Amino acid sequence: MWAKGNVMDIQIQHQGSDLLISLTGRLDANTSGDLQNAVDNESEYESITIDFCSLEYISSAGLRVLLSIHKNCLANNTPLTILNCNDIVKDVFNMTGFSDVLNVE
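Now for a look at the structure at hand. Note that this is a predicted model, so its numbers are computed, not measured.

**Structural notes on the overall build of the protein**
- Each helix and strand counted, the protein has four helices and six strands in total.
- What you see in the protein, going N to C, is helices and strands ordered as β-β-β-α-β-α-β-α-α-β.
- For 105 residues, the compact-globule estimate of 2.2 N^0.38 gives 13 Å, and the protein sits close to it at 12 Å.
- With the C-alpha coordinates aligned to their principal axes, the bounding extent of the protein is approximately 30 × 30 × 20 Å.
- In the protein, which comprises 105 residues, the proportion classed as buried is 46%.
- For the protein, contacts bridging at least 24 residues in sequence account for 63% of all contacts bridging at least 6.
- Counting every atom, the protein has about 5,700 Å² of accessible surface; 45% of that belongs to carbon and sulfur.

**A few points about the packing of helix H1 (residues 32-40) against helix H2 (residues 60-75)**
- With their axes 9 Å apart at the nearest point, H1 and H2 run at an angle of 15° to one another. When the interaxial angle is binned, H1 and H2 end up roughly parallel. The crossing of H1 and H2 is right-handed. Only Ala-61, Gly-62, Val-65, Leu-66, Ser-68, Ile-69 and Asn-72 of H2 make contact with H1, whose side of the interface consists of Ser-32, Leu-35, Gln-36 and Val-39.
- Of the residues assigned to the contact of H1 with H2, the class counts are six nonpolar, five polar and no charged.

**Topic: the environment of Ser-60**
- Looking at where Ser-60 falls in the secondary structure, it is placed in helix H2.
- As for Ser-60 and Val-92, which are separated by 32 residues in sequence, their C-alpha atoms are 9.3 Å apart.

**What to know about unusual backbone geometry**
- For Asn-77, which is not glycine, the phi torsion reads 55° and is therefore positive.
- Checked against the element boundaries, Asn-77 lands in the loop between H2 and strand S5 (80-83).
- Asn-77 sits in the exposed class, given a relative accessible area of 71%.
- Its identity as a non-glycine residue notwithstanding, Asn-84 has a phi of 60°, on the positive side.
- Structurally, Asn-84 can be placed in the loop between S5 and helix H3 (87-96).

**Quick notes on the pairing of strand S3 (residues 18-27)**
- A large share of S3 lies buried, amounting to seven of its 10 residues.
- The pairing of strand S2 (residues 8-15) with S3 spans eight bridges and is classified as antiparallel. If you follow His-14 over to S3, its bridge partner there is Leu-19.
- Between S2 and the antiparallel strand that follows it, S3, lie two residues; Gly-16 among them carries a positive phi value of about 65°.
- In the sheet, S3 pairs with strand S4 (residues 47-58) via nine bridges, with the strands oriented parallel. For Ser-22, the partnering residue across the bridge sits in S4 and is Asp-51.
- Handedness of the crossover joining S3 and S4 through H1 is recorded here as right-handed.

The rules behind the values
Residues numbered from 1 in each chain as written. Predicted model: local features only at pLDDT ≥ 70, side-chain atom pairs only at ≥ 80, totals over all residues. Heavy atoms only, no water. Helix = DSSP H or I, 4+ residues; strand = E, 2+ residues; numbered from the N terminus. Rg over C-alpha atoms; globule rule 2.2 N^0.38 Å. Buried < 20%, exposed > 50% of the residue type's maximum accessible area, 1.4 Å probe, protein only. Contact = heavy atoms within 4.5 Å. Areas by Shrake-Rupley, 256 points an atom, 1.4 Å probe, with all protein chains shown as cover. Axes fitted to C-alpha atoms, helices over the stretch in contact; angles between N-to-C directions. Parallel < 35°, antiparallel > 145°, perpendicular 65-115°, else oblique. Left-handed = near helix turned anticlockwise from the far one by under 90°. Nonpolar A, V, L, I, M, F, W, Y, C, P; charged D, E, K, R; others polar. Pairing = 2+ DSSP bridges. Right-handed = clockwise from strand over helix to strand, strands pointing away.

Right, dumping it as structure tokens:
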């Protein structure tokens, strides 16, 4: 399934009972709702992995949606993992403390 926002593509794959979400482009105020909707529309999964290998940028709106997804995962005892962050996104996570909150690999 592909969802296309203004400047971000979301690819969703089911790997058994795991949900893999791959992002391309920018996760910002224009596109963060697309990611939230994509996760909200999925009903059955035991873990979520979000692959940032093609994510170029993340804004505070993107951080907010990640925090929302993280809180929902905690409430449901569902592991959330963020993979393949570029240096820019890693710096944002480190500066904001998200690298201490999220499971970033």
